[in-house]
Amino acid sequence: MLGIIGGSGLTQLANLDVSHREIVRTPYGEPSGPLTFGRLGCQDVVFIARHGYGHIIPPHLVNYRANLHAMHSVGVRRIVSVASVGGIRADIAPGTLLVPHQIIDYTWGREMTFQSGIDGPVVHIDFTEPYDTELRQQLLSVAAQVGEAVVDGAVYAATQGPRLETAAEIDRLERDGVEIVGMTGMPEAALARELELPYAALCVVANWAAGRGDSVHGIRFESLEAVLQQAMGRVRTMLEALCSVSRHSGEGP
Ligand code: HPA
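Structural notes, computed from the coordinates. If you're wondering where the values come from, they're calculated on a predicted model, not measured in any experiment.

1. Details of the overall build of the protein chain
Phase 1 of the analysis: Regarding its fold elements, the protein chain presents five helices and 11 strands.
Phase 2 of the analysis: Its C-alpha atoms give the protein chain a radius of gyration of 17 Å, near enough to 18 Å, the size a compact globule of 253 residues would have.
Phase 3 of the analysis: Across its three principal axes, the protein chain shows a C-alpha extent of roughly 45 × 45 × 35 Å.
Phase 4 of the analysis: Relative to its 253 residues, the protein chain shows a buried fraction of 53%.

Listed below in structure tokens is the structure:
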């Protein structure tokens, strides 16, 4: 079963044929909200809004462990994360959709592992390729099928938030090789890997990062909403197509 984690701008999936909602308790506390079960395309899907349904949980307070654990416990076996980001690379303008291929983690103080240090030996997960190669490719081929120009690969920086970055911080990220910046990609991706859940991200560029493009003198929040709303319609179409494709390629619900 496919799990979809929706970020800013995607607190619900309008094209999901909802069957029920379930509050799932986990050893790590409460997920961001009830899990929404339904059918998308021709597949069973579970959806959760990362920031809660009223978009009330800031990135550093999202219970990533509970969200991932809850999804896994109800039978989710792969996850597409939808997230909004700021564009740093010159050709990554607002409205662009991307499937990133790498991550640099700048977050701190978040619960970032399921390993408690008391019940079992230490496990070092391989994280060379933080996103699942096959799921990334599926997203990209679905994009081609529905005629959506989606950028293949970008280095994603996970920053702590909830404030946006300074222009100098964005300069530093760029020197590090970062191309897009968001606040929720970590520890989510690493936790999915710990649970051996194939995980890929579909990112929507909401704005130019601080000091870039029309954000040279500040980020204009007025335009963010419209960009996200327009882009999330395209994301929903892609997700629906992904569910149809996966079904045909033998990936059952
Ligand atoms: N920085 C960090 N996170 C973000 C941004 C940004 O510019 N835009 C959307 N999420």
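2. Quick word on the nonpolar core
Phase 1 of the analysis: Counting residues in hydrophobic clusters, the biggest one holds 37 residues, and the most contacted among them are Leu68, Ile79, Leu98, Tyr156 and Ile180.
Phase 2 of the analysis: Those elements that place two or more of their residues in this core are β3 (35-40), β4 (43-49), α1 (64-73), β5 (78-87), β9 (155-158), α4 (185-194) and β11 (199-208).
Phase 3 of the analysis: Looking at this core, the element that brings in the most residues is α4, giving five residues.
Phase 4 of the analysis: In this structure, tyrosine 156 is in contact with Val85, Pro100, Gln102, Ile103, Ile104, Tyr131, Ile180, Gly182, Met183, Thr184, Gly185 and Cys203, ignoring residues within four places of it in sequence.
Phase 5 of the analysis: The next biggest cluster of nonpolar side chains, apart from the first, holds 33 residues, and it includes Leu2, Val80, Ala200 and Val235.

3. Quick word on the site of the ligand
Phase 1 of the analysis: The environment of the ligand is formed by Ser84, Val85, Gly86, Leu164, Glu165, Val181, Gly182, Met183 and Asn207.
Phase 2 of the analysis: Between the ligand and glycine 86, the relevant distance is 3.3 Å, taken from a nitrogen atom to a main-chain nitrogen or oxygen of the residue.
Phase 3 of the analysis: When the free accessible area of the ligand is taken as 260 Å², the share hidden by the protein chains comes to 92%.
Phase 4 of the analysis: One can see that the ligand is located within the largest pocket.
Phase 5 of the analysis: For the shell around the ligand, the secondary structure elements donating two or more residues are β5 and β10 (180-182).
Phase 6 of the analysis: For the shell around the ligand, the element with the highest residue contribution is β5, accounting for three residues.
Phase 7 of the analysis: In terms of residue class, the shell around the ligand is made up of four nonpolar, four polar and one charged.

4. Here's the deal with α4
Phase 1 of the analysis: A large share of α4 lies buried, amounting to eight of its 10 residues.
Phase 2 of the analysis: Buried within α4 we find Gly185, Met186, Pro187, Glu188, Ala189, Ala190, Leu191 and Ala192.
Phase 3 of the analysis: If you follow the buried residues of α4, they end up packed against β1 (2-6), α1, β5, β7 (102-105), β9 and β11.
Phase 4 of the analysis: At the C-terminal side of α4, glutamate 196 shows a positive phi close to 60°.

5. Structural notes on empty space enclosed by the protein
Phase 1 of the analysis: One pass over the full model with this rule turns up one cavity of 30 Å³ or more.
Phase 2 of the analysis: A volume near 30 Å³ is recorded for the largest cavity.
Phase 3 of the analysis: Lining the largest cavity are Arg50, Ser81, Ala83, Tyr131, Tyr156, Thr184, Gly185, Glu188, Tyr199 and Ala201.
Phase 4 of the analysis: Mapped by element, the contributors of at least two residues to the lining of the largest cavity are β5, α4 and β11.
Phase 5 of the analysis: Across the lining of the largest cavity, the residue classes break down as five nonpolar, three polar and two charged.

6. Quick look at the pairing of β4
Phase 1 of the analysis: Of all seven residues in β4, six are buried; the element is thus mostly enclosed.
Phase 2 of the analysis: In terms of strand pairing, β1 meets β4 through five bridges, oriented parallel. Bridge assignment links isoleucine 4 to a residue of β4, and that residue is phenylalanine 47.
Phase 3 of the analysis: Relative to β4, β3 is paired through five bridges, and the arrangement is antiparallel. Paired with leucine 40 across the bridge in β4 is glutamine 43.

7. Points about unusual backbone geometry
Phase 1 of the analysis: Cis geometry is found at the peptide bond from glycine 161 to proline 162, where omega equals -5°.
Phase 2 of the analysis: By the element assignment, proline 162 lies in the loop between β9 and α3 (167-175).
Phase 3 of the analysis: Omega for the peptide link from methionine 186 to proline 187 comes to 10°, which places this bond in the cis form.
Phase 4 of the analysis: In this structure, histidine 55 takes a positive phi of about 50° despite not being glycine.
Phase 5 of the analysis: Within the secondary structure, histidine 55 sits in the loop between β4 and α1.
Phase 6 of the analysis: Phi is positive for glutamate 196, which is not a glycine, with a value near 60°.
Phase 7 of the analysis: As for its position among the elements, glutamate 196 is in the loop between α4 and β11.

Criteria and cut-off values
- Residues numbered from 1 in each chain as written.
- Predicted model: local features only at pLDDT ≥ 70, side-chain atom pairs only at ≥ 80, totals over all residues.
- Heavy atoms only, no water.
- Helix = DSSP H or I, 4+ residues; strand = E, 2+ residues; numbered from the N terminus.
- Rg over C-alpha atoms; globule rule 2.2 N^0.38 Å.
- Buried < 20%, exposed > 50% of the residue type's maximum accessible area, 1.4 Å probe, protein only.
- Core = buried A, V, L, I, M, F, W, Y, C linked by side-chain atoms within 4.5 Å.
- Contact = heavy atoms within 4.5 Å.
- Near = heavy atom within 4 Å.
- Polar contact = N/O pair within 3.5 Å; in protein donor to acceptor, adjacent residues only side chain to side chain.
- Areas by Shrake-Rupley, 256 points an atom, 1.4 Å probe, with all protein chains shown as cover.
- 1 Å grid on protein atoms, 1.4 Å probe; cavity = no way out; pocket = protein on both sides within 12 Å on 5 of 7 lines; lining within 4 Å.
- Sits in = over half its atoms within 2 Å of the grid points.
- Nonpolar A, V, L, I, M, F, W, Y, C, P; charged D, E, K, R; others polar.
- Points joined across faces, edges and corners; volume = space filled by probe spheres on them.
- Pairing = 2+ DSSP bridges.

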